[in-house]
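Now for the letters of each chain:
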Amino acid sequence: MSNVRQLRFREALREAMIEEMDRDERVFLLGEEVGHYQGAYKVSEGMLDRFGARRVVDTPIAEGGFAGIGIGAAMMGLRPIIEFMTWNFSAVAFDQILNNASKVRQMSGGQFNCPIVFRGPNGSAKQVGSQHSTSMEHFYATIPGLKVIAPAFPVDAKGLLKAAIRDDNPVILLESETLYSVKGDVPDNLEPIEFGRAQIVRPGSALTIIAYSRMTHVALEAADQLATEGIDVEVIDLRTLRPLDEETIVRSVQKTHRCVVVHEGWSYGGVGAEIADRVQRLAFDWLEAPILRVAQLDVGMPYNATLEQACIPQPGRVCDTVKRLVFRET
Amino acid sequence: MTKESSPPAPPSPKASPVDVEHLAHLYRQMFLIRRVEEESARAYATGKIGGFLHLYIGQEAVGVGAIAALRPDDSVVTTYRDHGIALAKGMSARSLLAELWGKKTGCSQGLGGSMHLFDKEHNMLGGYGIVGGHIPLACGVAFAAKYQGQDRVTLCFFGEGAVSIGGFHEGLSLAALWKLPIVFICENNEYAMGTPLSRTLSVEDVSLKADAYGMARDRFVADDVLEVQARVGAAVERARKEQAPTLVEMRTYRFRGHSMSDPAKYRTQTELDEHKQRDPMTRARERLLTLEYKEGRISALERSVEEEVADAVKFADESPEPDTSVLAPTTYDGAFAY
Ligand SMILES: Cc1ncc(C[n+]2csc(CCOP(=O)(O)OP(=O)(O)O)c2C)c(N)n1
C-alpha cells in the first residue's frame, strides 16, 4: 500500500514536472517568470534551483516565439513543457499551435512528431476583465492532432501531466487560477493517468451532469443542493476533452435519461455542443429531455464583480437547469 | 544607464524661459495621478477594487509630459498600466475611480475595469491587456488620421517588455513603411514583471530598434516633466508636419510592484530608494519653489487635488452598479447576433 498525501493543485503539477524531469533529461520547462520569479502562480517554485537555467528557462514576452521554439525543439526529440502565464496569451501563439504543432506530423507524412506540452491557467479568475478571462479550450479542442486535458483535482493534475509529458503528441493542459490552492489526496508513486477516461465523481440516477476543470466543483456543489431537494444527479468529471470518453458519458445517460453539460466559455460551437451532438447520436433512444448546456453568458467577461458572477456558471444556474429537465412537462 | 546611442538632442527646454504656471499645471496633474493611485491601492486592500491593479506611481512624468505635447484631438493608446495616462488625457478622477469600483458611472460602465480605460470624448482609446496587442491598433488610429487628411497625431505607450513581441515589430514596420503620424513611447521601467531588462533584450537600447525600420528615435531619462514634453513635442511635430513616426524610449521606474499581487522581491530596497530619491514629481515641486512659485500656492494646489480625489472616491462609493441589461447592447451594436 502506498501512502497518500494531501497536495495542492499547484504542488501536484510541480511534482509531475519534477518527477518527469528527473527521469528524462529531454524534458525542460520554458515560459515567462517560471524561473527566478518562481512562477507567476508559483507552480514552478523551486524548480530553477533544482534543475538550473538550462532546463528551467525564463523567456521574454514572446509567446509566438517561445511556443515556436518549443515546437522546433520537440521535432528534434526534446520534450518541452511550455507554460503560458495564462491561456489568454496563447492567442498570440495560436498560429504556432494550430499551424505547426498540430499539423507537422501529418504534413511530414508521419516523419516528425511534436511531443510538447502547453500548460497554464485557463478561463476566468476573479475580475481580471475581458482580455484575461477567455476559456480557450473550445478553440483548441476542435483541432485534430492535439490532445486536450482539463483536470479538476490534484491527483488528476499530476497523473495527467505525467502522461502528457510522456505522450508523443502535442498536449494542451488547461489549469485554473482558482484551482491552484485546492487540496486533494495524491498517492505516492502515482503512475501517469491514461487520457480519454472520464470519472463518475458522484453517482446518481435522475440526470447526468457533465463537467471538467473548475466546473466539476460547481457541478458537485449543485448536486449537493439538488440532493437536499430530493433530486439525485450523477456528476461526470471528463478530465480529458480530446480524446473524449464517449463510453462513460453514454452509459451514464442511458441510466439517467437526461443530460446537462456545464463549462466555462461560450456555448456557440463549444465543447458542450460537441458532447450534445455525441449524446443525441449515441443515446437518442434513451433520452427523455433535450440536452442543455450551462455556459458563460454569450458576452465577453465584464469587470464588475456581480456581472462577472452572473456570466460564469454558478451552482444556482446549474440547479435551475437541472430542474427544468427533471420536472419537464411532456 | 549605458550610453550606447546618443540620438540628436532636440532644442534644450532650458533655452526658453520656463512657464511657471504651466509647470504648476503639470505638477498638479502628476500629484493628482499619485494621489489617485494611492487611493486605488487602499481601495484594493479593502476589496472595493478587484482583479489586477497596475499602478503608475513613479512614472507620472512620462505620461504627463508626453500628453502635454498633444492637442486635445490627438489620440492616446496604452497598456493595462493606464490610470495615469487616462487622467493626463483628460479623464476625470470620478470617471476613473468609478470604473475601478466597477460602477455604472465609470468610463466604461464598470465593464472594463482598471486595465481597460476608454474615454472617447478625450480621445483616450484604451488600455489593453495583451502585451503588444495594442501597438498595431494604435498604428491603425494613426492610419485613420492620415486617410482622412487630418493632422491628428497618435501616441502609443508600452513597456520595454513589449519589445520582444511580434506586435511591436509589425506595428513599427508598418508605421515606418506607410509614414504614419504616430509616436511610439517605450516606458522603460527596467522590469517586465519580475524580469529585468538584461534578461528581456539582447540590446538594452530599445530606441535602436527604430534604426532598422528607418524611423527617427530619441532616448532619455524621464526625470524632468518639461524635458519629456519638449522632446516628445519634437516627435509629435514630426508626426504632424512630416507624417513620420518616431520611437521614443524613456527610462523611468515604477515604485510599486508590477501589480498589487507582486511583492517585488526581485529588486533591492537600496535600488528602490535610489530611484525614489530622484522622484520626478518631487523634482517638479522643487523646481517650482526655485522658480518662486511659493509653498503656499503649491499647498493650495495640493489641497485642491485632495478635494478632487475625496470627491471622486465619494462619487465612486455612492454610484450604482450596472445590471445585466448593459451586457447585450455593449456586445453588439444593433440586434444581438445569436
Ligand atoms: C502577450 C502577453 N503575455 C504575457 C502577459 C502577462 N504580462 C502582463 S504585463 C507583463 C509585463 C510587461 O512588462 P512591460 O512591458 O515592461 O510593462 P510594465 O508592466 O513594466 O509597464 C506580463 C508578462 C500579457 N499580458 N500579455
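Rules of the game
- Residues numbered from 1 in each chain as written.
- Chains lettered and ligands numbered in written order.
- Predicted model: local features only at pLDDT ≥ 70, side-chain atom pairs only at ≥ 80, totals over all residues.
- Helix = DSSP H or I, 4+ residues; strand = E, 2+ residues; numbered from the N terminus.
- Rg over C-alpha atoms; globule rule 2.2 N^0.38 Å.
- Buried ≥ 20, exposed ≤ 12 C-beta atoms within 10 Å, placed from the backbone.
- Contact = placed C-beta atoms within 7 Å.
- Near = placed C-beta within 6 Å.
- Nonpolar A, V, L, I, M, F, W, Y, C, P; charged D, E, K, R; others polar.
- Axes fitted to C-alpha atoms, helices over the stretch in contact; angles between N-to-C directions.
- Parallel < 35°, antiparallel > 145°, perpendicular 65-115°, else oblique.
- Left-handed = near helix turned anticlockwise from the far one by under 90°.
- Core = buried A, V, L, I, M, F, W, Y, C linked by C-beta atoms within 7 Å.
- pLDDT = per-residue confidence, 0-100.
- Expected span 1.5 Å × (residues − 1).

## A closer look at the overall build of chain B
Part 1 of the reasoning: For chain B, the count of helices and strands is 12 helices and 8 strands.
Part 2 of the reasoning: Relative to a compact globule of 338 residues, whose C-alpha radius of gyration would be 20 Å, chain B shows 20 Å and is just as compact.
Part 3 of the reasoning: Seen along its three principal axes, the alpha-carbon backbone of chain B occupies a region of about 55 × 55 × 40 Å.
Part 4 of the reasoning: Taken over 338 residues, chain B has a buried fraction of 52%.
Part 5 of the reasoning: Sequence separation of at least 24 residues holds for 77% of the intrachain contacts in chain B that already meet a minimum separation of 6.

## Quick notes on the site of the ligand
Part 1 of the reasoning: Around the ligand lies a shell of 20 residues, among which Phe89 of chain A together with Val131, Gly159, Gly161 and Ala192 of chain B are the nearest.
Part 2 of the reasoning: Partitioning the shell around the ligand into residue classes produces 10 nonpolar, 5 polar and 5 charged.

## A look at the packing of helix H1 (residues 20-45) of chain B against helix H2 (residues 60-68) of chain B
All names here are of chain B.
Part 1 of the reasoning: Relative to each other, H1 and H2 sit at 135 degrees, their axes nearing to 10 Å. Classified by the angle their axes make, H1 and H2 are oblique. In this structure, the crossing between H1 and H2 has a hand that is right-handed. Each of Leu26, Gln29, Met30, Ile33 and Arg34 in H1 lies in contact with H2, whose residues at this interface are Glu60, Ala61, Val64, Gly65 and Ala68.
Part 2 of the reasoning: For the contact of H1 with H2, the residue count by class is 6 nonpolar, 2 polar and 2 charged.

## Side note on the nonpolar core
Part 1 of the reasoning: Counting residues in each nonpolar core, the largest one holds 200 residues, and the members touching the most others are Ile209 and Ala219 of chain A together with Val183 of chain B.
Part 2 of the reasoning: Looking at this core, the element that brings in the most residues is helix H8 (residues 225-242) of chain B, giving 9 residues.
Part 3 of the reasoning: For Ala219 of chain A, the contacting residues outside a window of four places in its chain are Ile209, Ala211, Val235, Val262 and Val318 of chain A.

## What to know about the confidence of the model for chain B
Part 1 of the reasoning: In this model, chain B carries an average pLDDT of 95, and 96% of its residues clear a pLDDT of 70 or more.
Part 2 of the reasoning: Scoring of the predicted complex yields 0.96 for pTM and 0.96 for ipTM.

## Focus: the environment of Val57 of chain A
Part 1 of the reasoning: With respect to the element layout, Val57 of chain A can be found in strand S3 (residues 56-58).
Part 2 of the reasoning: Those residues in contact with Val57 of chain A, other than ones at most four positions away along the chain, are Phe28, Leu29, Leu30 and Gly35 of chain A.

## A closer look at helix H7 (residues 154-166) of chain A
All names here are of chain A.
Part 1 of the reasoning: The terminal C-alpha atoms of H7, which comprises 13 residues, lie 19 Å apart, in line with the 18 Å expected from a rise of 1.5 Å per residue.
Part 2 of the reasoning: When you tally the buried positions in H7, you get 11 out of 13 residues, the bulk of the element.
Part 3 of the reasoning: Those residues of H7 not exposed but buried are Pro154, Asp156, Ala157, Lys158, Gly159, Leu160, Leu161, Lys162, Ala163, Ala164 and Ile165.

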